[in-house]
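Read off the chains here:
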Amino acid sequence: MKPPATKLPTSRLIAGNWKMNGLKVSVAELDLLLAAAPPAGAELLLCPPATLVASFARRASASHVRIGAQDCHWAQSGAHTGDISAEMLADAGASHIIVGHSERRADHGETDSMVRRKAEAVARAGCIAILCVGESLEQRDSGQTLDVISRQLEGSVPTDSVPEGLVIAYEPVWAIGTGHTPTTAQVAEVHAAIAGRMGAGFRLLYGGSVKPSNAAELLAVPHVDGALVGGASLKAGDFLAIAGAAA
Ligand code: PEP
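Starting from 1, residues in each chain are numbered consecutively following that chain's sequence as written. In view of the model being predicted, local features appear only for residues whose pLDDT reaches at least 70, and side-chain atom pairs are presented and counted only at 80 or more, with totals across whole chains, interfaces and linings using the full set of residues. Side-chain descriptors were evaluated using all non-hydrogen atoms of the structure, hydrogens and water having been removed beforehand.

**Q** Describe the sheet that holds strand S8 (residues 226–229), listing the residues and the values that go with them.
**A** In a beta sheet, neighbouring strands are held together by backbone hydrogen bonds and run either parallel or antiparallel to one another. Strand pairing is assigned whenever DSSP identifies at least 2 bridges connecting the two strands. Per the convention used, a helix needs a DSSP run of H or I reaching at least four residues, while a strand needs a run of E reaching at least two, with both numbered from the N terminus. Pairing is parallel in the open sheet, where 8 strands are placed in the order S3-S2-S1-S8-S7-S6-S5-S4. The sheet is open, and its two edges are formed by strand S3 (65–67) and strand S4 (96–99), each paired on a single side. Each strand axis lies, on average, 25° off the axis of its neighbour in the sheet, ignoring direction. In this structure, strand S7 (residues 203–207) lies alongside S8, joined through 2 bridges in parallel fashion. Each axis is a line fitted through C-alpha atoms, and for a helix only the stretch in contact is used; angles between axes span 0 to 180 degrees, taken between their N-to-C directions.

Laid out in structure tokens, this is it:
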């Protein structure tokens, strides 16, 4: 990895992943985020479904809330019916694009090499990739967690990645949407390993059942620079409470 060219922000990145939720009326939740005072020590990023990226980005322009997307194709354009390129999402106003979420790996058979090509596409489009890695419960129970994470990073992180263009999200598959979270010691172990593998400067998020009641302890773990939040990002009040825990 190259050393950081510029100093990265020290504030926490609190990113919301709305998954396949949200209609035009959901702009009311964005409006609540925009109306609230910017949280101290936290940057807010909201990743609504692709159908809402352009309108949300327009509404949030010049505000403290950035808008991202949840996936992209690796090609810039072409014969890929139904797909959306990173360039299209950048054109719609996305600042960040999530790649390699475990739901896409499971639902769409995405492999590490596909995720790598997507992360490269995100960089080409001038956006920041949030690249997700994480072990299944079976892998954790059989003591393979660090090997799995290392293999995923090896296979999916582009070799020329720089901290300004890539964020890593550690999301244990068994913690996503389940209400179960790893212990802070387990999070610390994995984040230290990722930090060691990536080198200085890369932002590392924790994701998996983050909510207002556990955000402060998870965000206090060494090498946790923010959170990727699914279910609890759908309600502005919960999302703001999580961001408030970053202070
Ligand atoms: C996610 O989808 O990235 C996620 C972490 O979901 P949840 O917060 O609902 O577990």
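**Q** Report on the pattern of salt bridges, specifying residues and quantitative values.
**A** A pairing counts as a salt bridge when a side-chain nitrogen of Lys or Arg comes within 4 Å of a carboxyl oxygen of Asp or Glu. Going through the model one piece at a time under the given rule, you end up with 13 salt bridges. One salt bridge connects Lys118 with Asp71, and the closest N-O pair in it is separated by 2.8 Å. Here Lys118 is found in helix H5 (residues 112–124), whereas its partner Asp71 is found in the loop between S3 and helix H3 (86–92), with 47 residues between them in sequence. Three labels apply to residues, based on accessible area from a 1.4 Å probe with only protein chains included: buried if under 20% of the type maximum, exposed if over 50%, partly exposed otherwise in between. Looking at Lys118, the relative accessible area reads 5%, which means it is buried. Salt-bridge contacts for Glu135 lead to Arg140; the nearest nitrogen and oxygen are separated by 2.8 Å. Taking the relative accessible area as the measure of exposure, Glu135 reaches 0% and is therefore buried. Judged by relative accessible area, which is 15%, Arg140 ranks as buried.

**Q** Describe the packing of helix H1 (residues 27–35) against helix H10 (residues 236–244), and please don't skip the residues or the numbers.
**A** Two numbers describe how H1 lies on H10: the axes approach to 9 Å, and their chain directions differ by 35°. The interaxial crossing formed by H1 with H10 has right-handed handedness. Counted together, Glu29, Leu32 and Leu33 of H1 and Ala236, Phe239 and Leu240 of H10 form the full contact between these two elements. Across the contact of H1 with H10, the residue classes break down as 5 nonpolar, no polar and 1 charged. Crossings are assigned a handedness: left-handed for a near helix turned anticlockwise from the far helix by less than a right angle, right-handed for a clockwise turn. Here, residues are in contact when the closest pair of their heavy atoms is within 4.5 Å. In this count, Pro and Cys sit with the nonpolar residues alongside Ala, Val, Leu, Ile, Met, Phe, Trp and Tyr, while Asp, Glu, Lys and Arg are called charged and the others, Gly among them, polar.

**Q** Give me the lowdown on the environment of Ala246, citing residues and values where you can.
**A** Looking at where Ala246 falls in the secondary structure, it is placed in the segment after H10. For Ala246 and Gly230, which are 16 residues apart along the polypeptide, the C-alpha to C-alpha distance reads 17 Å. Not counting residues up to four positions away in its chain, the partners in contact with Ala246 are Arg12, Ile14, Ala40, Gly41, Ala42 and Leu219.

**Q** Got a sec to walk through the nonpolar core? Specific residues and values, please.
**A** In a soluble, globular protein the nonpolar side chains are often hidden away together inside. Among the nonpolar cores identified, the biggest contains 61 residues, and Ile14, Ile67, Ile97, Val99, Leu131, Ile168 and Ile194 are the most heavily contacted of them. Residue contacts for Ile97: discarding those within four places in its chain leaves Ala69, Asp71, Cys72, Ala86, Leu89, Val122, Cys127, Ile128, Ala129 and Ile130. One finds Ile98, Cys132, Val167 and Leu205 within the second-largest nonpolar core, a separate group that totals 12 residues. Throughout, nonpolar core names a set of buried Ala, Val, Leu, Ile, Met, Phe, Trp, Tyr and Cys residues whose side chains join them through atoms within 4.5 Å.

**Q** I'd like a rundown of the site of the ligand, residues and numbers included.
**A** In this text, near means that some heavy atom of the residue lies within 4 Å of the molecule or strand in question. Around the ligand, a shell composed of 14 residues is seen, among which Lys19, Glu171, Gly177, Ser209 and Gly230 lie nearest. Any pair of nitrogen or oxygen atoms within 3.5 Å is treated as a polar contact; in protein, a donor-acceptor pairing is required on top of that, and neighbouring residues in sequence qualify only through side-chain atoms on both sides. One of the side-chain N or O atoms of Asn17 is found 3.3 Å from an oxygen atom in the ligand. Note that an oxygen atom of the ligand is positioned 2.9 Å from one of the side-chain N or O atoms of His101. Each accessible area is a Shrake-Rupley result for a 1.4 Å probe, and residues are judged covered by the shown protein chains and nothing else. Taking 300 Å² as the accessible area of the ligand by itself, protein coverage stands at 96%. Of the residues assigned to the shell around the ligand, the class counts are 4 nonpolar, 8 polar and 2 charged.

**Q** Mind laying out helix H8 (residues 184–198), listing which residues take part and the relevant values?
**A** Expected helix span is given by 1.5 Å per residue-to-residue step, counting one fewer step than there are residues. Compared with the 21 Å implied by 1.5 Å per residue over 15 residues, the 21 Å span of H8 between its first and last C-alpha is a close match. What H8 keeps buried is the set Val187, Val190, His191, Ile194, Ala195 and Met198. Take H8 and look down its axis: the buried residues cluster within an arc of 140°, on one side only. Facing away from the buried surface of H8 by more than 90 degrees, the exposed residues are Ala185 and Gly196. Those residues of H8 hidden inside the fold are in contact with strand S5 (128–133), helix H6 (137–141), helix H7 (145–156), strand S6 (166–170), S7 and helix H9 (215–219). Positive backbone phi, at 90°, marks Gly199, one or two positions downstream of H8. When we speak of the arc, we mean the arc of directions from the helix axis to the C-beta atoms.

**Q** I'd like to hear about the packing of H5 against H7, residue by residue, with values.
**A** For the pair H5 and H7, interaxial distance at closest approach is 7 Å and the crossing angle is 50°. Considering the angle they form, H5 stands oblique to H7. Here H5 and H7 pass one another in a crossing that is right-handed. Two secondary-structure elements touch here, H5 through Asp112, Ser113, Val115, Arg116 and Ala119 and H7 through Arg151, Gln152, Glu154, Gly155 and Ser156. Classifying every residue of the contact of H5 with H7 by side-chain character gives 2 nonpolar, 4 polar and 4 charged. Oblique is the label for any angle not under 35 degrees, not over 145, and not in the 65 to 115 range, which are roughly parallel, roughly antiparallel and roughly perpendicular in turn.

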